[in-house]
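Residue-level structural notes
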Amino acid sequence: MSKTSVLIVGAGPAGLAAAITLKAEQPDAEVCVIDKAAEPGNHNLSGATFQAECLSTLLGAVDRNWEKSEQAKDVLAHKVTKDNVMFLAGDKFAFNIAFSLKLAKRLRINFAQMSHQGNYIVSVSKLTKWLTQIAKKAGVEVIHGFAAEDIIYDTTKNIATGIKLVDQGLDKQGGKPPNYVAGEIVNADVIILAEGCDGLVTEKFIQKAGLVRKANQLYSIGVKEIIKVSDEQFKKFTAERVVHAMGYPLWTPVLGPAMFGGGVMHPVSQNHIDVGMIVGLDWKGCDFSPQDALTNFKNHKFVKKFIDGGTVVEAGAKMIPEGGFYALPRNPQTFAIGKSNVLILGDAAGFVNMLKMKGLHNAIKSGIAAGQAIARCTNNLNAVSSKYTELLNMSGVMEEMKQSSRFRQNVAKLGPLFGIPLSVFGQKFPLFNVEKDYFALTRRKYKYKPAKSYDKNTFTALAETAHREEQPSHLTIINRNICAQKCTPKFNSPCITFCPAGVYETIGEQVKPANPSNCLHCKTCQRKCPFDNICWTAPEGGGGPRYKNM
Ligand code: SF4
Ligand code: SF4
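Because the structure is predicted, anything quoted here is derived from the model rather than measured.

1. A few points about the sheet that holds strand β6 (residues 93–96)
The mixed open sheet is built from seven strands, whose spatial order is β6-β5-β13-β14-β15-β12-β16. Only two strands of the sheet have a single neighbouring strand rather than two, namely β6 and β16 (311–321). Pairwise comparison of adjacent strand axes, ignoring direction, gives a mean angle of 20 degrees for this sheet. Pairing analysis gives three bridges linking strand β13 (residues 241–247) to strand β14 (residues 261–269), with the strands arranged antiparallel. For Val-243, the partnering residue across the bridge sits in β14 and is Met-265. In the packing of helix α8 (residues 290–299) onto the sheet, contacts are made with β5 (82–89), β12 (219–228), β13, β14, β15 (272–280) and β16, and the angle to β15 comes to roughly 135 degrees.

2. Here's the deal with the packing of helix α1 (residues 13–25) against helix α5 (residues 124–137)
Where α1 contacts α5, the two axes come as close as 10 Å, and the packing angle between them is 20 degrees. The orientation of α1 with respect to α5, classified from their angle, is roughly parallel. Read as a crossing pair, α1 and α5 show a hand that is left-handed. When α1 is examined against α5, the residues Pro-13, Leu-16 and Ile-20 are found in contact with a partner set consisting of Val-124, Leu-127, Thr-128, Leu-131, Thr-132, Ile-134 and Ala-135. Here the contact of α1 with α5 is composed, by residue class, of eight nonpolar, two polar and no charged.

3. Thoughts on helix α14 (residues 407–422)
Over its 16 residues, α14 runs only 9 Å from end to end, short of the ideal 22 Å by more than 12%, given 1.5 Å per residue. Of all the bends in α14, the greatest, near 140 degrees, is centred on Gly-415, and the proline Pro-416 appears no more than four residues after it. Among the residues of α14, those classed as buried are Phe-407, Arg-408, Gln-409, Asn-410, Val-411, Gly-415, Pro-416, Gly-419 and Ile-420. Tucked inside the fold, the buried residues of α14 contact β13 and β15.

4. Some words on empty space enclosed by the protein
Using the criterion set out here, one finds six cavities of 30 Å³ or more in the structure. Its boundaries defined by the atoms lining it, the second largest cavity holds a volume of some 240 Å³. The element that contributes the greatest number of residues to the lining of the second largest cavity is β14, accounting for four residues. Here the residues of the lining of the second largest cavity are counted per class, giving 11 nonpolar, five polar and no charged.

5. Some details on the site of ligand 1
Around ligand 1, the neighbouring residues are Ile-477, Cys-483, Cys-487, Ser-493, Pro-494, Cys-495, Val-511, Cys-529, Pro-530, Phe-531, Asn-533 and Ile-534. Where the shell around ligand 1 is concerned, the elements lending two or more residues are α16 (480–491) and α17 (494–498). Along the lines of polarity and charge, the residues of the shell around ligand 1 split into 10 nonpolar, two polar and no charged.

6. Observations regarding the site of ligand 2
In the vicinity of ligand 2 there are 13 residues, among which Cys-499, Cys-519, Cys-522, Lys-523 and Cys-525 approach most closely. Among the residues making up the shell around ligand 2, the classes are represented as 11 nonpolar, one polar and one charged.

7. Some points on the packing of aromatic side chains
Taken as a whole and assessed by the stated rule, the structure comprises 15 aromatic pairs. Measuring from ring centre to ring centre gives 6.0 Å for Trp-283 and Phe-498, while their planes differ by 70 degrees; the resulting arrangement is edge-to-face. Of this pair, Trp-283 sits in the loop between β15 and α8 while Phe-498 sits in helix α17, and the two are 215 residues apart along the sequence. Comparing Trp-283 with Phe-498, the two get one shared label, buried. Linked through ring pairs, Tyr-248, Trp-283, Phe-288, Tyr-446, Tyr-448 and Phe-498 together constitute an aromatic cluster. Arg-241 extends its terminal NZ or CZ atom over the ring of Phe-237, reaching a point 5.2 Å from the ring centre.

8. Notes on the pattern of salt bridges
The full count for this structure, using the stated rule, is 19 salt bridges. Residue Asp-74 is joined to Lys-126 by a salt bridge in which the shortest nitrogen-to-oxygen separation is 3.3 Å. Highlighted residues: Asp-74 in helix α3 (residues 70–75) and Lys-126 in helix α5, separated in sequence by 52 residues. Relative accessible area serves as the criterion here: at 41%, Asp-74 is assigned to the partly exposed category. Ionic pairing is found between Asp-91 and Lys-92, a salt bridge with its closest N-O pair at 3.5 Å. Each of the salt bridges in this network shares a partner with another, and the network as a whole consists of Glu-149, Lys-164 and Asp-167.

9. Notes on the pairing of strand β21 (residues 510–513)
Across the two faces of β21 the burial differs, with Val-511 and Pro-513 buried and Gln-510 and Lys-512 not buried at all. Sheet topology places strand β20 (residues 504–507) next to β21; four bridges connect them, and they run antiparallel. Bridged to Ile-507 within β21 is Gln-510. Connecting β20 to the antiparallel partner β21 that follows it, the hairpin turn spans two residues, and Gly-508 within it adopts a positive phi of roughly 65 degrees.

10. Considerations on the environment of Asp-455
Relative to the helices and strands, Asp-455 is located in the loop between α14 and α15 (456–462). Along the backbone, Asp-455 and Ala-501 are 46 residues apart, and their C-alpha atoms lie at a distance of 9.4 Å. Among the polar contacts made by the side chain of Asp-455, one reaches the side chain of Thr-458 at a distance of 2.3 Å.

11. So, the state of the cysteines
Taken as a whole and judged by the stated rule, the model has zero disulfides. As a non-bridged cysteine, Cys-535 has Cys-525 as the owner of its nearest cysteine sulfur, 9.6 Å distant. With a relative accessible area of 30%, Cys-535 lands in the partly exposed category.

12. Topic: the side chain of Asp-83
With respect to the element layout, Asp-83 can be found in strand β5. With relative accessibility at 8%, the residue Asp-83 sits in the buried group. Residues in contact with Asp-83, not counting those within four places in the same chain, are Asn-96, Ala-98, Leu-101, Met-114, Ser-115, His-116, Gln-117 and Val-242.

13. Remarks on the layout of surface pockets
A volume near 540 Å³ is recorded for the largest pocket. Every residue lining the largest pocket is counted, 23 residues in all, and those nearest its centre are Asp-198, Glu-203, Gln-207, Lys-436 and Arg-527. Going through the elements one at a time, α6 (200–209), α18 (524–528) and β22 (534–536) are the ones with two or more residues in the lining of the largest pocket. Here the lining of the largest pocket takes five residues from α6, the largest share from any one element. Two domains each donate at least three residues to the lining of the largest pocket, and these are domain 1 (2–74 + 123–213 + 328–405) and domain 3 (439–536).

Reading the values: the criteria
Throughout this description, residue numbers start from 1 for each chain and increase along the sequence as written. By the order in which they are written, chains take letters starting at A while ligands take numbers starting at 1. Only residues with pLDDT of 70 or above have their local features reported here, since the model is predicted, and side-chain atom pairs are shown and tallied only from 80 upward, although totals for entire chains, interfaces and linings are computed over all residues. As a rule here, side-chain values come from all non-hydrogen atoms in the structure, and water together with hydrogens is ignored. The pairing criterion is simple: DSSP has to find at least two bridges between the two strands. Helix and strand labels come from DSSP, where a helix needs a run of H or I of at least four residues and a strand needs a run of E of at least two; each type is numbered from the N terminus. Lines fitted to C-alpha atoms define the axes, with helix axes restricted to the stretch in contact, and inter-axis angles between N-to-C directions lie between 0 and 180 degrees. Contacts are assigned to residue pairs that have any heavy atoms within 4.5 Å of one another. Roughly parallel means an angle under 35 degrees; roughly antiparallel means over 145; roughly perpendicular covers 65 to 115; every other angle is labelled oblique. With the far helix as reference, a near helix turned anticlockwise by less than a right angle produces a left-handed crossing, and one turned clockwise produces a right-handed crossing. Gly is placed with the polar residues, together with every amino acid not listed as nonpolar (Ala, Val, Leu, Ile, Met, Phe, Trp, Tyr, Cys and Pro) or charged (Asp, Glu, Lys and Arg). In a helix, the anticipated span is given by 1.5 Å times the number of residues less one. Fitting axes to the seven residues that end at a residue and to the seven that start at it, the angle between those axes gives the bend at that residue. Any residue under 20% of the maximum accessible area for its type is buried, any over 50% is exposed, and the rest in between are partly exposed; the area is computed with a 1.4 Å probe on protein chains only. Grid points spaced at 1 Å and placed over the protein atoms alone form the basis of the search, with a cavity being a set where a 1.4 Å probe fits but cannot get out and a pocket an open set showing protein on both sides within 12 Å along at least five of seven lines. Lining residues have an atom within 4 Å of a point. Grid points are joined across faces, edges and corners, and a volume is the space filled by probe spheres set on the points. Nearness is defined per residue: one heavy atom within 4 Å of the molecule or strand is enough. Stacked, tilted and edge-to-face are the three classes applied to pairs of Phe, Tyr and Trp rings, where Trp contributes its six-membered ring and a pair requires centres within 6.5 Å; stacked means planes under 30 degrees apart, edge-to-face means over 60, and tilted covers the rest. Either the NZ atom of lysine or the CZ atom of arginine qualifies as a charge over a ring when it sits within 6 Å of the ring centre and within 35 degrees of the ring normal. The working definition used for a salt bridge is a side-chain nitrogen of Lys or Arg within 4 Å of a carboxyl oxygen of Asp or Glu. In the analysis that follows, any N or O atom pair within 3.5 Å is treated as a polar contact, provided that within protein one partner can donate a hydrogen and the other can accept it, and provided that, for residues neighboring in sequence, both atoms belong to side chains. The term disulfide is used for any two cysteine sulfur atoms that are within 2.5 Å. Domain start and stop points were drawn from an automatic or database domain assignment.

Here it is as structure tokens:
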């Protein structure tokens, strides 16, 4: 495989949707998808409540009876009929404010987007496995265990010609033992970047091709556990309930930590409930860890009754792109989400609607638009990014992104107490210029620090993360003097605290990425180090977490 017609980087829902659509439109098209995970779905983690209507468009094109398959029934087993929107006041009191959504719906105001009624509760990891099977059956070549390192982009002609893969077999010092294999360059006529949030190649392409974001991309991190609970607890929770909680332990009306985010709960399968915490990376407390907030959420009286005594069976972490419409990377001349023969899809572009707390439907719709655009531009592949953006505009993705376009910026500027309710009028506000997340850190301490430290070793074991130990570290601290002279005295080395996998440690006097093989590929360290002093590069393919039901 050193030449293909269409090369897709990332076998997640967006990339696979593009491959399946293109094959449905042009069965002879040569389509290859590469992914750094060892197996399909291993690196895919989400909430997730899912607006599943887009599957009819995607899968209806290849199989009219797709809904009758066993996989469809398994992936779409849980439909939301109980939509709890909780406000948590302290660690005991909880108020269901779902009535405000009904009111908002009746008044047709923006806030109503937060409703999840009628959506499906899915594991994106399982969804990805299923879509991989469908893509392969349609003749798509899906190759796992190969990580992409860079895009070969000709700035004089403004076209991309291929993707450089990561070298395999280097030793710890970067030497080349006999089993070393240089990362191949895979040439392609069209390249689709669907790597997920903060994609390594995507960000390099944005730089090389001169794409611009009108507003900074903002991120949050989600940490999540799947807990096996008793029959009675699951019966009480039900297989159709979703919980989205705001307030404690991230913000309170008076003197709270004022962080964006909240807790979530979903049924996963019989007797399994997932419990997660999403936190905007613009948190201020230098001793804060998202897992501390997860601990507090799990200990809240409302949550505890459903999970107390349960066993955590799987765990993981991932970043979410939250900047919305104005943070989409665009060609400044054409406004395309991409350039010439390169398209950016799904979370890699940032098609997440944080007011809805969803992005999966937009990721799949962007994949459909990409597949259709390529099929319609076979005689002029350099026009494919413009066609893709035109089809995105027609698909409703852009319209939806516009409707929530200033939400995250409003909350960042006004705080959750005012920013969330004022999102009702969000489109009337100017676009606030919000700095990148890492600027937000202060010496402030997290108010609700739990007495017991979170067990990160068990967390990473439950994510089943592993890498070949004898390879160079894929995490680099750019300037160690900054750690020693600026960060440690001022913030007490926050990467040690916030990395969910416990990768960073102080060894001797130095902060080091001591356990790179524990890394979950969430990339939080790269976006939250207060001195922008960490560089995440892709390790050899096949490493990283091995999610099954996340
Ligand atoms: Fe601070 Fe970043 Fe150094 Fe960690 S890597 S100690 S967060 S400057
Ligand atoms: Fe996430 Fe960075 Fe920790 Fe890896 S090292 S788990 S990317 S915060």
